[in-house]
Amino acid sequence: MSRGPYKKVSLSQRSEWYWGWFLIAPTMVGLIVLNIIPIFQTLYLSFFKSGDFGRGNIYVGLDNYRKLLNDPQVWHAVGNTLLYALMVVPTGIALAMITAVLLNRNIKGRVLYRTIYFIPVVAVPAAVTMVWRWLYNSHYGLINYLLSRLNFSTVNWTTDPDIALASIALIGIWSTVGYNMVLLLAGLQEIPKTYYEASEIDGAGKIRQFFVITLPLITPTLFFVVVTSMIQALQVFDVIYMMIDVTNPAYERSVSLVYLFYNNSFKYLNKGYGSAIVMLLLVIIMIVTVIQVKAQRKWVYYMKEG
Amino acid sequence: MAEGRKLPGFFAHLFLLAGAFLMILPFVWMLLTSFKTVTESTAWDPLVIFPASWKWENYLEVLKQYDFLRLYWNTLAMMALRVICALLFSSMAAYAFARLRFPGRDLCFGLVLFQMMVPPQIFIIPQYLMVDAMGMRNTIFALLFPGLVSAFGTFLLRQFFMGLPKELEESAKLDGCNIGQTFVRVMLPLVRSGLVALAIFTALFAFKDLMWPLIVNTSAKAATLSSALAKIQSAYSVNYPQLMAAAVIAILPMLVVYLIFQKQFVEGIATSGGKL
């Protein structure tokens, strides 16, 4: 009976401990092996250079980071990635918001609209990019056909360095509007109907209701959607990979950080440098997220509990 | 009153219809192109909208060149295994994190949160090196590997378990259930909507994943639909009708499943997003 700290632990409490440990064991083992150790391993690898032809890894200290800071391609990729996020996130969320507000009423064909807007979300990005490449095709694409019919000059959507990133961003917006709309719609439906009824009695119009009731009360959902969309956008890869190959004249002006990470790690087989690039991505995502969390006090409205 | 409401309703429909048109147009164009000959697909003056005859040749050609049955199987196996692992391990851990008290709980849950905050690309090189060291590249297991456990699923289901009333466990205990029985018989059935949401979320994102299958399963036999399309594109870069046929084959199964279960899909995504 004199087992020190364990004295007060009853048998049923002890069994709760064992059950707890047993139930979390698979997840924790997996998490540590698959995720936690790899974080440190990636950091560790970023101090090495992959040797040629089985010469193993050579310790190079901070060389990869020095190279990173002086690599114009990395800075292009940082700029492209941020620009992409700035093109996709605000526009995409604004469109998703408008659609969600319109669908949050007893409008005819509500389910049909929702179903259609969500279709791009269930399509493989690889297939989606293929059809967009076809639509963008400078000689035979549908978009240039329509432009030429309307007497506009045609555009090299995927090869013009000034345009390619915007073309990619358009695909990004198109494929995420439905996803964000569904999240916002769920948020809108949680706003109590009585608020609208009360303001109607006070004689408020639809537009005023939107700015006084809907917008403030949706800001927590909106904040969540902005933060997650931003993180997703900063990790853009699939569409750029499928659309812009290394020989494309627009490569420099459209390569993203994750694409650069992929090319360095798995195409040029320099995993050390690839690791350094992904650490840079981590830092950028952290900074952007912290800024957003700090800024939320200025615009996110939390209803007081109780 | 009625007069004033008609006009905004009209504009709402106009906006929504234009949006719906833009959402569908790429898919319609994909389908139409897949039935055209190369000449029809590149005709500009006049533009050929509908093919002269609906021929299946592009599909037959693509199916002959690529073993789509195999790609379907690889993709389906990866999705199913990832869903099973996520449901099984995440529900166990989520229940323990939400309802049990034991030493080390908060530290472990902290690790779950930490994993969710880190961009997943950071895990890829070490995970690849592990699969390579095991000699498991170009296998179904390799496709499953990063999805063996799910921090997101654990977090999501924990939210569901936390919402259940405390009395349930107490009465189960009085009925003589131990913790394992309480979990499986009483609590698990009550978070069904959470399990459905997690299953849909996991399956959808496994289906869409491109980088991991591209890296780990380089042989054509072990590819997924997503990574195979990337290869097909570079092989057929000019024959758009055949490329579109391949794209249709890759998109169709998930699209059909979605159209049948659209309510569950949309609600699943809404709850998994909203519970974060």
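1. What to know about the overall build of chain B
- Along chain B, the regular secondary structure elements total 15 helices and zero strands.
- Its C-alpha atoms give chain B a radius of gyration of 24 Å, clearly above 19 Å, the size a compact globule of 276 residues would have.
- Dimensions along the principal axes, computed over C-alpha positions, put chain B at roughly 80 × 70 × 30 Å.
- The proportion of buried residues among the 276 residues of chain B is 44%.
- In chain B, the proportion of contacts linking residues at least 24 apart, taken out of those at least 6 apart, comes to 74%.

2. Quick word on the overall build of chain A
- When helices and strands are tallied, chain A shows 13 helices and two strands.
- A compact globule built from 306 residues should have a C-alpha radius of gyration of about 19 Å, whereas chain A, at 25 Å, is more than 25% larger.
- The C-alpha extent of chain A, read off along each of the three principal axes, is 75 × 65 × 35 Å.
- Across the 306 residues of chain A, 40% fall into the buried class.
- Pairs at least 24 residues apart make up 69% of the contacts formed inside chain A by residues separated by at least 6 positions.

3. Quick notes on the domain arrangement of chain B
Residue and element names in this part refer to chain B.
- You can read the domains of chain B as domain 1 (2–60) and domain 2 (68–274).
- Elements supplying a minimum of two residues to the side of domain 1 that touches domain 2: helix 1 (2–34), helix 2 (38–42) and helix 3 (57–65).
- Ranked by the residues each element gives to the side of domain 1 that touches domain 2, the list is headed by helix 1, at four residues.
- In terms of residue class, the side of domain 1 that touches domain 2 is made up of four nonpolar, five polar and one charged.

4. Here's the deal with unusual backbone geometry
- The phi angle at Asn151 of chain A is positive, at roughly 65°, despite the residue not being glycine.
- Along the chain, the position of Asn151 of chain A falls in the loop between helix 6 (142–149) and helix 7 (164–188).
- One non-glycine residue with positive phi stands out, namely Asn138 of chain B, at about 60°.
- The partly exposed category is assigned to Asn138 of chain B, around which 17 C-beta atoms lie within 10 Å.

5. Structural notes on the confidence of the model for chain B
- When the pLDDT values of chain B are averaged, the result is 92; 96% of them are 70 or greater.
- As a predicted assembly, this complex carries a pTM of 0.92 together with an ipTM value of 0.92.

6. Remarks on the packing of helix 3 (residues 72–103) of chain A against helix 7 of chain A
All names here are of chain A.
- Closest axis-to-axis distance for the helix 3/helix 7 pair is 6 Å, and the angle between their directions is 40°. Relative to helix 7, helix 3 is oriented oblique. Helix 3 and helix 7 meet at a crossing whose hand is right-handed.
- Class assignment for the residues of the contact of helix 3 with helix 7 results in 21 nonpolar, seven polar and no charged.

7. A word on the domain arrangement of chain A
Residues and elements named next belong to chain A.
- Domain parsing of chain A yields domain 1 (10–59) and domain 2 (63–299).
- Relative to domain 2, the C-alpha centre of domain 1 lies at a distance of 32 Å.
- Counting residues at the interface gives nine residues for domain 1 and nine residues for domain 2.
- Every element with two or more residues in the side of domain 1 that touches domain 2 is listed here: helix 1 (11–45) and strand 1 (48–50).
- Residue composition of the side of domain 1 that touches domain 2, by class: four nonpolar, four polar and one charged.

8. So, the environment of Ile24 of chain A
- Note that Ile24 of chain A resides in helix 1.
- Taking the C-beta count within 10 Å as the criterion, Ile24 of chain A has 26 such neighbours and is therefore assigned buried.
- Spatially, the C-alpha atoms of Ile24 of chain A and Ser256 of chain A are 37 Å apart, while their sequence positions differ by 232 residues.
- Non-local contacts of Ile24 of chain A, meaning those with residues more than four positions away in its chain, are made with Ala93, Ala96, Phe97 and Cys108 of chain B.

9. So, helix 5 (residues 125–136) of chain A
All names here are of chain A.
- In this model helix 5 runs 16 Å from its N-terminal to its C-terminal C-alpha over twelve residues, within 8% of the 16 Å that 1.5 Å per residue would give.
- Of all twelve residues that make up helix 5, twelve are buried, and the element is covered over most of its length.
- All buried positions along helix 5 are accounted for by Pro125, Ala126, Ala127, Val128, Thr129, Met130, Val131, Trp132, Arg133, Trp134, Leu135 and Tyr136.

10. Remarks on the environment of Ile140 of chain B
Residue and element names in this part refer to chain B.
- Looking at where Ile140 falls in the secondary structure, it is placed in helix 7 (residues 140–144).
- Residue classification places Ile140 among the partly exposed residues on the basis of 18 C-beta atoms within 10 Å.
- In this structure, Ile140 is in contact with Asn74, Ala77 and Met78, ignoring residues within four places of it in sequence.

11. Quick word on the interface of chain B and chain A
- At the junction of the two partners, chain B supplies 76 residues and chain A supplies 69 residues.
- The leading source of residues in the side of chain B that touches chain A is helix 1 of chain B, at 13 residues.

12. A closer look at the packing of helix 1 of chain A against helix 6 (residues 121–133) of chain B
- Running from amino to carboxyl end, helix 1 of chain A crosses helix 6 of chain B at an angle of 90°, the nearest separation of the two axes being 8 Å. In terms of axis orientation, helix 1 of chain A runs roughly perpendicular to helix 6 of chain B. Contacts from Leu34, Asn35, Pro38, Ile39, Gln41, Thr42 and Leu45 of chain A of helix 1 of chain A reach helix 6 of chain B at Ile122, Phe123, Ile125, Pro126 and Gln127 of chain B.
- Residues of the contact of helix 1 of chain A with helix 6 of chain B, tallied by class, amount to eight nonpolar, four polar and no charged.

The rules behind these values
Residues numbered from 1 in each chain as written. Chains lettered and ligands numbered in written order. Predicted model: local features only at pLDDT ≥ 70, side-chain atom pairs only at ≥ 80, totals over all residues. Helix = DSSP H or I, 4+ residues; strand = E, 2+ residues; numbered from the N terminus. Rg over C-alpha atoms; globule rule 2.2 N^0.38 Å. Buried ≥ 20, exposed ≤ 12 C-beta atoms within 10 Å, placed from the backbone. Contact = placed C-beta atoms within 7 Å. Domains from an automatic or database assignment. Nonpolar A, V, L, I, M, F, W, Y, C, P; charged D, E, K, R; others polar. pLDDT = per-residue confidence, 0-100. Axes fitted to C-alpha atoms, helices over the stretch in contact; angles between N-to-C directions. Parallel < 35°, antiparallel > 145°, perpendicular 65-115°, else oblique. Left-handed = near helix turned anticlockwise from the far one by under 90°. Expected span 1.5 Å × (residues − 1).

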